[in-house]
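# Structural overview for review
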Amino acid sequence: MSSLGLGLLSFFLSVYSTVPRTIEQAFLENDAGRLASLFSNESPLLISLPEPLSFSDLVSREQAALVFERIFRSYPTFEFYPESGSAPAFDRGGFILKVRWSFSSRSTSDQKPLRVFLRLKPETRPGRKKPLWAIVEIRAEPV
């Protein structure tokens, strides 16, 4: 039983180290396509973002990609990192990443920081033996 636990822990740590890095690169490079590659294929994505982004809805993977294309085009990221002292919180078969996302408005140059919570769950994909951590929810609140 303990070898199973160690196996699951090592799997989680190896996957966990790459997923946040991919998310971080997607935000820092304003790359909606890279971010969309992590969106769930199995369920709609819940996105809830405050002003000035003002978006809240349950959307498909394709719709979420379009939402983030629009956001990145108008509000480029200049800072994206895990909140200090924040470890992933395990939640209903997945985990939640807590990050700080700062962006600026192209039209006004105003800067806005948000605290973002990304909920990820394991998901099997065709042609893959190992499950992939897929984003199923993105919520943000003002800092």
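One structure accompanies this document, and this report is about it. (Residues numbered from 1 in each chain as written. Predicted model: local features only at pLDDT ≥ 70, side-chain atom pairs only at ≥ 80, totals over all residues. Heavy atoms only, no water.)

A word on the overall build of the chain. Secondary structure summary: the chain contains 3 helices and 7 strands in total. In sequence order, the secondary structure elements of the chain are arranged as α-α-β-β-α-β-β-β-β-β. Every one of the 143 residues in the chain was classed for burial, and the buried ones make up 40%. Partitioning the contacts of the chain with sequence separation of at least 6, the portion at a separation of at least 24 is 55%. For the chain, the exposed area adds up to about 8,000 Å²; of that, 54% sits on carbon and sulfur atoms. (Helix = DSSP H or I, 4+ residues; strand = E, 2+ residues; numbered from the N terminus. Buried < 20%, exposed > 50% of the residue type's maximum accessible area, 1.4 Å probe, protein only. Contact = heavy atoms within 4.5 Å. Areas by Shrake-Rupley, 256 points an atom, 1.4 Å probe, with all protein chains shown as cover.)

Looking down a regular strand, the side chains alternate between one sheet face and the other. Judged from the 10 bridges that link them, strand β5 (residues 94-104) and strand β6 (residues 111-123) form a sheet pairing that is antiparallel. The residue of β6 that forms the bridge with Leu97 is Leu118. The antiparallel hairpin formed by β5 and β6 contains 6 residues in its connecting segment, where Ser109 sits at a positive phi of about 65 degrees. Note: β6 against strand β7 (residues 132-142), 10 bridges, orientation antiparallel. In the sheet register, Val116 faces β7, and the bridge partner there is Ala140. (Pairing = 2+ DSSP bridges.)

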